[in-house]
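Fold and contact review
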Protein chains: 2
Amino acid sequence: MEVKLPTFNSVFSIDCVIFGFEAGELKILLIERNEEPFKDWLALPGYIVEQDESIDNAAERILYELTGLRDLHMQQFHTFGEVNRHPQGRVITVAYYALIRINGQKEVKPVTQYAKNAFWHPVNDLPKLAFDHSEIFETGFNKIRRRLNYQPIAFELLPEKFTLTQLQSLYEAVLNKKLDKRNFRKKMLSYGFLKELDEKQKGVSYRAAKLYKFDRRKYTKIFQNDLNLDK
Amino acid sequence: MEVKLPTFNSVFSIDCVIFGFEAGELKILLIERNEEPFKDWLALPGYIVEQDESIDNAAERILYELTGLRDLHMQQFHTFGEVNRHPQGRVITVAYYALIRINGQKEVKPVTQYAKNAFWHPVNDLPKLAFDHSEIFETGFNKIRRRLNYQPIAFELLPEKFTLTQLQSLYEAVLNKKLDKRNFRKKMLSYGFLKELDEKQKGVSYRAAKLYKFDRRKYTKIFQNDLNLDK
DNA sequence: AATATAGTGTGTCAAATTTACACCATTAAA
DNA sequence: TTTAATGGTGTAAATTTGACACACTATATT
């Protein structure tokens, strides 16, 4: 949003809450602003929507420019349209969340200068953000918290191959509560969309855990009735 | 949306899916368009957002101008931003749903000429709508279908005093499936937010049913943990 | 080689919730 | 008084959820 405001009436922007999971913590990507207003504050990455791109495309473009990543799970979750949410003029913003595999094979590197100073921040220890971005974050966090149980959100945040303990630790981070190990495993495996691999965790100094993969085809088969209930 | 498009870049509008429940059917309010494009087509009521009003206020204003009603349950549910969704230029629209008591005490009468020809249409028998309004409707319908179970949506659509059979019939209309009478009642009453009145249904030619009221205070007490999970 | 350390992987039982299911009661109209 | 229409009610089986503890395995350390 550090772009100069055009002179015509209202401006339309996208703001992204980019979630990642690392070291047992849920994190979001924040940038440090170089310009007024809110110079030196932390903010959600965001940008203005171009004339000739859909808002979904705009969200993907902005994410790409910031992280070099494409084809991530992105989802619009709310539009913020208070008159004075931006001190320099009327800016209506559509907020998206994106889910990233921080430990995935692809690297996160900004393509533009815009994201020079983008860093991951644990969601449990966020400072007050610029504009109404704290509220946007809260809304987005609540959204994925709720969707965790009926959309395959978790598997977008984990590496392709993961252990059940990692999966549980992600659920605990998002839901912010401890879960029972045996019950969690029983439940997850009962769905039938986790594929057990013939492979084990590597590089740990204790008994290595089995690795699993998310089987998207089975998932959609199982939940095809609910599929169209979301947007 | 029959307003002339301004000449600056993008236009911002609100479209409303206005739900009502009548004669055991879920219905939405549609207008017949007088102007091109989509002259004579049915469309969702919608309007352009003014410079100095928040989108929530715009939604309330538009609803008021169309129905004469205020203080209804309204909720933004999705923003539609395809480049070519409006044939005359770039129009991004925030979609809201509104819930109306068709049989309620207040009357539905349009305040502006805009809604001269607004009629209720059963959701199960809708023609193709103007623009992308069919898609907007579907998305909104799915939204309330999902929310029915964790937000007090049903009671916004029923008269203040209602019978359990009416409540069940509303659930069946929204979820599009039959429910078991005894199990439905047991469950609903077990929540504890329905207040049994000393009053009975009137004007029916069969045994009159007990009337109930929704106790919002008890509801929020019971579900206060979930409350902040939505927006 | 022995031991310490750290996390893996597993089953049962009680409680709570969900589901299936049928008949008598009441009212007004004929 | 009979008919038509809907109101109102309980129980038992099946399923799901929740609580709970210990032996196993791989590596690192001594």
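The rules behind these values
Numbering of residues begins from 1 in every chain and follows the order in which that chain's sequence is written. Chain A is the first chain written and ligand 1 is the first ligand written, with later ones labelled in order. Owing to the predicted nature of the model, reporting of local features is limited to residues with pLDDT of at least 70; listing and counting of side-chain atom pairs is limited to 80 or more, with chain, interface and lining totals taken over all residues. Excluding hydrogens and water, the side-chain figures rest on all heavy atoms present in the structure. Secondary structure elements follow DSSP: runs of H or I of four or more residues count as helices, runs of E of two or more count as strands, with numbering from the N terminus. Burial status follows relative accessibility: with a 1.4 Å probe on protein chains alone, a residue under 20% of its type maximum counts as buried, one over 50% as exposed, and anything between as partly exposed. Where accessible areas are quoted, they stem from the Shrake-Rupley method and a 1.4 Å probe; at the residue level, only the protein chains shown are allowed to cover. Whether a set of points on the 1 Å grid over the protein atoms alone is a cavity depends on a 1.4 Å probe fitting there but being unable to get out, while an open set qualifies as a pocket with protein on both sides within 12 Å along at least five of seven lines; lining residues are those with an atom within 4 Å of a point. Grid points are joined across faces, edges and corners, and a volume is the space filled by probe spheres set on the points. Polar here means any residue other than Ala, Val, Leu, Ile, Met, Phe, Trp, Tyr, Cys and Pro, which are nonpolar, and Asp, Glu, Lys and Arg, which are charged; Gly is therefore polar. One heavy atom suffices: a residue is near a molecule or strand as soon as one of its heavy atoms comes within 4 Å of it. Definition of a polar contact: a pair of N or O atoms within 3.5 Å, with one able to donate and the other able to accept a hydrogen when the atoms are protein atoms, and with sequence-neighbouring residues admitted only if both atoms are side-chain atoms. The length a helix should cover is 1.5 Å for every residue beyond the first. The term salt bridge refers to a pairing of a side-chain nitrogen on Lys or Arg with a carboxyl oxygen on Asp or Glu at a separation within 4 Å. In this text, buried Ala, Val, Leu, Ile, Met, Phe, Trp, Tyr and Cys residues form a nonpolar core when linked through side-chain atoms within 4.5 Å. Residue contacts are defined here by distance: any two heavy atoms, one from each residue, within 4.5 Å place the two residues in contact. Fitting a line to C-alpha atoms yields each axis, with helices limited to the stretch in contact; the angle taken between N-to-C directions then spans 0 to 180 degrees. By definition in this entry, angles of less than 35 degrees are roughly parallel, angles greater than 145 are roughly antiparallel, angles of 65 to 115 are roughly perpendicular, and the rest are oblique. Left-handed describes a crossing whose near helix is turned anticlockwise from the far helix through less than a right angle; right-handed describes the clockwise counterpart. Two strands pair if DSSP finds at least two bridges between them.

This part is about the overall build of chain A. Assigned secondary structure in chain A consists of seven helices and nine strands. For chain A, the residues scored as buried account for 49% of the 231 residues in total. Accessible surface computed for chain A: about 11,800 Å², of which carbon and sulfur atoms make up 46%.

This paragraph deals with the layout of surface pockets. Residues and elements named next belong to chain B. Of the pockets and cavities examined, the largest pocket occupies roughly 440 Å³. Surrounding the largest pocket, 22 residues form its lining, L148, N149, Y171, L175 and Y191 being those nearest its centre. Residue assignment for the lining of the largest pocket shows that the elements contributing at least two residues are α2 (133–147), α4 (164–175) and α5 (181–191). A per-element tally of the lining of the largest pocket places α5 first, with five residues. Partitioning the lining of the largest pocket into residue classes produces 14 nonpolar, three polar and five charged.

The environment of DNA strand C is made up of 18 residues, and the closest members are K181 and R207 of chain A together with N183, K186 and R207 of chain B. Contact between DNA strand C and T165 of chain A: a phosphate oxygen at 3.1 Å from a side-chain N or O atom of the residue. Interatomic distance of 3.0 Å between a backbone N/O atom of K210 of chain A and a phosphate oxygen of DNA strand C. Contributing elements (two or more residues each) for the surface near DNA strand C: α5 (181–191) of chain A together with α5 of chain B. Along the lines of polarity and charge, the residues of the surface near DNA strand C split into four nonpolar, three polar and 11 charged.

Let us now look at α4 of chain B. All names here are of chain B. With 12 residues, α4 should cover 16 Å at 1.5 Å per step; its first-to-last C-alpha distance of 16 Å lies within 8% of that length. Buried within α4 are the following residues: L164, L167, Q168, L170, Y171, E172, A173 and V174. Downstream of α4 by one or two residues, N176 has phi in the positive range, about 60°.

A few words on the pattern of salt bridges. Summed over all chains, the structure comprises 21 salt bridges over all chains. Its salt-bridge partner being R85 of chain B, residue D132 of chain B comes within 2.8 Å of it at the nearest N-O pair. Taken as a pair, D132 of chain B in the loop between β7 (118–122) and α2 and R85 of chain B in the loop between β5 (73–80) and β6 (91–100) lie far apart in primary sequence, 47 residues in all. R85 of chain B matches D132 of chain B in its accessibility class, with the two residues each being buried. One salt bridge in this structure joins K178 of chain B and E172 of chain B, with 3.6 Å as the shortest N-O distance. Accessibility expressed as a relative area gives 74% for K178 of chain B, which makes it exposed. Overall, the relative accessible area of 16% leaves E172 of chain B in the buried class. Among the ionic contacts, a cluster of salt bridges with common partners joins D15, R85 and D132 of chain A.

Moving on: the protein's contact with DNA strand D. In the vicinity of DNA strand D lie 18 residues, with N183, K186 and R207 of chain A together with K181 and K210 of chain B positioned nearest. A share of 40% is what sugar and phosphate atoms reach among the atoms of DNA strand D within 4 Å of the protein. A distance of 2.9 Å is found between a base nitrogen of DNA strand D and a side-chain nitrogen or oxygen belonging to N183 of chain A. Between a phosphate oxygen of DNA strand D and a main-chain N or O atom of K210 of chain B, the distance comes to 2.9 Å. Mapped by element, the contributors of at least two residues to the surface near DNA strand D are α5 of chain A together with α5 of chain B. Considered class by class, the residues forming the surface near DNA strand D number four nonpolar, three polar and 11 charged.

Of all hydrophobic cores here, the largest spans 47 residues; its most connected members are I14 of chain A together with I14 of chain B. Apart from the residues lying within four places of it in its own chain, the contact partners of I14 of chain B are P45, G46, Y47, V49, I55, A58, A59, I62, T93, V94 and Y96 of chain B.

With that settled, consider the packing of helix α2 (residues 133–147) of chain A against helix α4 (residues 164–175) of chain A. Residues and elements named next belong to chain A. Between α2 and α4, whose axes approach to 9 Å, the crossing angle comes to 135°. With respect to their mutual orientation, α2 and α4 come out oblique. The interaxial crossing formed by α2 with α4 has left-handed handedness. Taking contact as the criterion, the partners of F141, I144 and R145 in α2 are, on α4, A173, V174 and L175. Residue composition of the contact of α2 with α4, by class: five nonpolar, no polar and one charged.

Turning our attention to the pairing of strand β6 (residues 91–100) of chain A. All names here are of chain A. In terms of burial, β6 is a largely internal element, 10 of the 10 residues being buried. Here β6 shows a buried face lined by V91, T93, A95, Y97 and L99 and a second buried face lined by I92, V94, Y96, A98 and I100. Where strand β1 (residues 11–22) and β6 come together, 10 bridges link them in parallel fashion. Bridge assignment links I18 to a residue of β6, and that residue is A98.

Here the focus is the environment of E22 of chain B. Residue and element names in this part refer to chain B. In this fold, E22 is placed in strand β1 (residues 11–22). Residues E22 and I102, 80 residues apart in the sequence, show an inter-C-alpha distance of 6.6 Å. Apart from the residues lying within four places of it in its own chain, the contact partners of E22 are K27, I102 and N103. Of note is the side chain of E22, whose polar atom sits 3.0 Å from the side chain of K27.

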